[in-house]
Structure formats: C-alpha cells, structure tokens
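Here is what each chain is made of, one letter per residue.
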Amino acid sequence: MSESFAVKDCALLALSTGKRAQNLRELRDRLREIDPDSIYYHFWGGLLRPTFENPEYPNDFAQWAHYGLHDERLAERLSIIDPTDFETMENLRLELIDVIEERLDETEMVPWARNDKKFQFTRAQIVVFDTQMRLNNPQDLKSLVPHMSVSSVFYHFVDARTRTPGRSDDFSTWLENFGDQHTELLLQLSSLDPYFKSLSELREQLSLIVNNYIENGAV
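Numbering of residues begins from 1 in every chain and follows the order in which that chain's sequence is written. The predicted origin of the model limits local features to residues at a pLDDT of at least 70 and limits the giving and counting of side-chain atom pairs to 80 or more, whereas totals for whole chains, interfaces and linings rest on all residues. As a convention, hydrogens and water are excluded, and side-chain values are obtained from all of the structure's heavy atoms.

Draft legend 1. Focus on the overall build of the protein chain. Counting from the N terminus, the helices are the DSSP runs of H or I reaching at least four residues and the strands are the DSSP runs of E reaching at least two. Within the protein chain, the regular secondary structure consists of 10 helices and two strands. Listing the helices and strands of the protein chain from first to last along the sequence gives β-α-α-α-α-α-β-α-α-α-α-α. If you line up the protein chain on its principal axes, its C-alpha atoms span 60 × 30 × 30 Å. Partly exposed residues are those whose accessible area sits between 20% and 50% of the maximum for their type, while under 20% is buried and over 50% is exposed, using a 1.4 Å probe and protein chains only. Residue burial in the protein chain is summarised as follows: out of 219 residues, 46% are buried. What sets the accessible areas is the Shrake-Rupley method with a 1.4 Å probe; for residues, cover comes only from the shown protein chains. Total accessible area on the protein chain is roughly 11,700 Å²; 46% of this is exposed by carbon and sulfur atoms. Side-chain charges in the protein chain split into 23 positive and 37 negative, and the spacing between the mean points of these groups amounts to 7 Å. His is not counted here, nor are the chain ends, while Lys and Arg score as positive and Asp and Glu score as negative. Throughout, a charge is located at the NZ atom of Lys, the CZ atom of Arg, the CG atom of Asp or the CD atom of Glu.

Draft legend 2. A look at the nonpolar core. Only buried residues count toward a nonpolar core. Its members are Ala, Val, Leu, Ile, Met, Phe, Trp, Tyr and Cys residues joined through side-chain atoms within 4.5 Å. Counting residues in hydrophobic clusters, the biggest one holds 63 residues, and the most contacted among them are Leu27, Leu31, Phe43, Phe61, Leu78, Leu141 and Leu206. Setting aside chain neighbours within four positions, we find Leu31 in contact with Ile39, Phe61, Arg93, Leu96, Ile97, Ile100 and Phe121. Note on contacts: a residue pair is in contact if any heavy atoms of the two residues lie within 4.5 Å.

Draft legend 3. Seen up close, helix H4 (residues 72-79). Of the residues making up H4, those classed as buried are Leu74, Ala75, Leu78 and Ser79. For H4, the buried positions fall inside an angular range of 130 degrees around the axis, keeping them on one side. The elements touched by buried residues of H4 are helix H1 (24-33), helix H3 (60-67) and helix H5 (89-106). The backbone nitrogen of Arg73 has a side-chain oxygen 3.3 Å away, supplied by the residue at the start of H4, namely Asp71. Here, the arc refers to the directions that run from the helix axis to the C-beta atoms. Pairing of N or O atoms within 3.5 Å defines a polar contact, subject to two protein rules: one partner must be a possible hydrogen donor and the other a possible acceptor, and residues neighboring in sequence count only if both atoms are side-chain atoms.

Draft legend 4. Spatial organisation of the environment of Asp116. Mapped onto the elements, Asp116 comes out in the loop between H5 and strand S2 (119-135). The class for Asp116 is exposed, based on a relative accessible area of 54%.

Draft legend 5. Representation of the packing of aromatic side chains within the structure. Aromatic pairs are defined between Phe, Tyr and Trp rings, using the six-membered ring for Trp, whenever the two ring centres lie within 6.5 Å; interplanar angles under 30 degrees are classed as stacked, those over 60 as edge-to-face, and all others as tilted. The final tally for this structure, using the stated rule, is 11 aromatic pairs. Where Trp174 meets Phe178, the ring centres are 5.3 Å apart and the plane angle is 90 degrees; that geometry is what we call edge-to-face. Taken together, the ring pairs in this structure connect Phe43, Trp44, Phe61, Trp64, Phe119, Phe121, Tyr195 and Phe196 into an aromatic cluster. Here, a charge over a ring means that NZ of Lys or CZ of Arg falls within 6 Å of the ring centre while also lying within 35 degrees of the ring normal. The side chain of Arg161 reaches across the aromatic face of Phe157, ending 5.1 Å from its centre. Taking NZ or CZ as reference, Arg163 lies 4.1 Å from the ring centre of Tyr155, over its face.

Shown next, in the form of structure tokens:
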C-alpha cells in the first residue's frame, strides 16, 4: 500500500545579497561567486512574483540585458537557456558565464547600465506549508489539480526538481510507488517543461493530462 500524498503550499522569499552589477563584466564576476540560491531565484522567482503582464524574457538576467544594458543579442541568448536542462545550479552557472563571456569577446566596449538600473542579486528562500490535504490514490489527482494554488503547483512541479533524486516532480515520485501501473502518466508528466509558461498555464496542462488519463480508464 502506497503512502498518501501530502499536498503542500509554499512562499518564495526574496532576500537581498547586497551584490550588484552595473556592467556585463561585473555580472560575470558576481556570477562566479554568488550563492546558487540566487541563480535559482533569478530563473524561477518570476513565476511567483505578482505581475500584470507576461514578461518578454523568462529570466531576470535576460530582462536586465534588454532593459538595463539594451543588448538585444545577449538578451535573446540568455532567454533561451532552459534551467531544466541542467542537473545542478552549478552547471547552470557555468552556462550563464559561458554565454556572457562569448558576448564579451564579441564586443569592443563593455555594456554598462545606468546607476538606477544595476542588476540586484537576490537569493531565494522557500517557506513550505502543509495544507493538511492528502491523496490516497491517483484518481484523487483529477479533483485536486484544477484547484491547486499556483504556489502549490510551483512547489510540487517546479521546486521538486531540486529535491528529488531523479529531478522529477512530486506527483511522479509518488506515482512510482504504485509500480508499473501508471507508466503512461509518468511519461506524459515528464514531457511537460514548466519553464516557458506561467504557473496557471502549467496547472491547466497538468489538469488536462490527468483528466484524459483517468477518463480513458487508465486507473
């Protein structure tokens, strides 16, 4: 008998590191020493920050390249980096530095931002709450997922990838306890990239996958 699934929620706290960058060379140098939690925040934190519009660039580094440095080429290169492609924050850090150094090699003058447009390094601290809700079998996902808060979706489907051995989401880790019964659902969940979409869009796609799977009599 598999253990029940504990549904949790979270808040992502933004903590200042006191480190800043005003030009591209400074950004590279700070990235070499900054806490991995800061890299995590600047890639994923935007999903939980309240905003009235979808940002043109999915991470804070690409946004700063565009709005602070007015370097469109760099902004585009940084915007296509998908953090889910990297096993660790250290691997992601190296990719960021490689992209920036490549851009520095191409330019004769190092791009600078105005004093009020410096890049402010922030780090993330996640606070987790137990909702006291429990799932006893996979069928329960059908009624749960559409009504999950976006921060709960973030915790179980995004943050989970930093916590689970296989860099998987919490739903998949739980479903694996049922043996080979839900292989098809696991494959569909693993194919869903959470990065280039909002949390509400991610919730809708998760709900669609779960509903179709259950309604087709797979459980």
